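# Summary of the model geometry
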Amino acid sequence: RPRPNPSRGGVVWRFSLMDPGRVRLAIYSVRGYHVRTLFGDFAFPGVQELRWDGRDRSGARVPAGVYCGRLEAAGRSAKQCVTLVW
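To keep things clear, this report deals only with the structure shown in the data block. The shown structure was predicted, so the numbers you read here are calculated from the model rather than taken from an experiment.

Judged by nonpolar contacts, the single largest core of 18 residues is most densely connected at Trp-13, Val-23, Ile-27, Trp-52 and Tyr-67. Elements with a minimum of two residues in this core: strand 2 (11-17), strand 3 (21-29), strand 4 (34-43), strand 5 (46-52), strand 6 (65-73) and strand 7 (76-84). Among the elements that take part in this core, strand 2 stands out by supplying four residues, more than any other. In contact with Ile-27, other than residues within four places in its own chain, are Trp-13, Tyr-33, His-34, Val-35, Arg-36, Leu-38, Trp-52, Tyr-67, Cys-68 and Gly-69.

Scanning all chains against the criterion turns up four salt bridges. For the salt bridge of Asp-41 with Arg-22, the shortest nitrogen-to-oxygen distance reads 3.8 Å. Here Asp-41, found in strand 4, pairs with Arg-22, found in strand 3; they are 19 residues apart in sequence, far enough to count as distant. With relative accessibility at 59%, the residue Arg-22 sits in the exposed group.

To continue, consider the sheet that holds strand 2. In a beta sheet, neighbouring strands are held together by backbone hydrogen bonds and run either parallel or antiparallel to one another. Strands sit in the order 1-2-5 across an open sheet of three strands; the sheet is antiparallel. Two strands close off the open sheet at either side, each with one partner strand: strand 1 (2-3) and strand 5. In terms of strand pairing, strand 2 meets strand 5 through seven bridges, oriented antiparallel. The residue bridging Trp-13 from the neighbouring strand is Leu-50, located in strand 5.

Turning to the environment of Gly-40, a few remarks are in order. Relative to the helices and strands, Gly-40 is located in strand 4. By relative accessible area, Gly-40 is classed as partly exposed at 40%. Along the backbone, Gly-40 and Ala-73 are 33 residues apart, and their C-alpha atoms lie at a distance of 10.0 Å. Filtering out sequence-adjacent residues up to four positions away, Gly-40 remains in contact with Arg-22, Val-23 and Arg-24.

All right, on to the state of the cysteines then. Within the structure shown, the criterion is met by one disulfide. At a sulfur-sulfur separation of 2.0 Å, the disulfide partner of Cys-68 is Cys-81. Across the S-S bond of Cys-68 and Cys-81 the torsion is about 85°, and the bridge reads as right-handed. Pair noted here: Cys-68 is in strand 6 and Cys-81 is in strand 7, with a separation of 13 residues, a long-range link. Using a relative accessible area of 31% as the deciding quantity, one classes Cys-81 as partly exposed.

Thresholds, definitions, all that
- Residues numbered from 1 in each chain as written.
- Predicted model: local features only at pLDDT ≥ 70, side-chain atom pairs only at ≥ 80, totals over all residues.
- Heavy atoms only, no water.
- Core = buried A, V, L, I, M, F, W, Y, C linked by side-chain atoms within 4.5 Å.
- Buried < 20%, exposed > 50% of the residue type's maximum accessible area, 1.4 Å probe, protein only.
- Helix = DSSP H or I, 4+ residues; strand = E, 2+ residues; numbered from the N terminus.
- Contact = heavy atoms within 4.5 Å.
- Salt bridge = Lys/Arg side-chain N within 4 Å of Asp/Glu carboxyl O.
- Pairing = 2+ DSSP bridges.
- Disulfide = S-S within 2.5 Å.

Here it is as structure tokens:
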């Protein structure tokens, strides 16, 4: 889940992995535009935290609005959204 929500900048996605494996966490606009991939690699079991600074893949700050993080791991996916207010 993203915390804090709503956020004025930094957002932390926290999740737990039961088994080691490939993990991907990407940020999308509510219209489905890919904003940035925060992580896309092998991860070990346990609690993981990934921070998003509210910037896109080119380093520019995204506009205020709703953004969704899509987590893919162990053949499953989950989506959680956060509201950014600048």
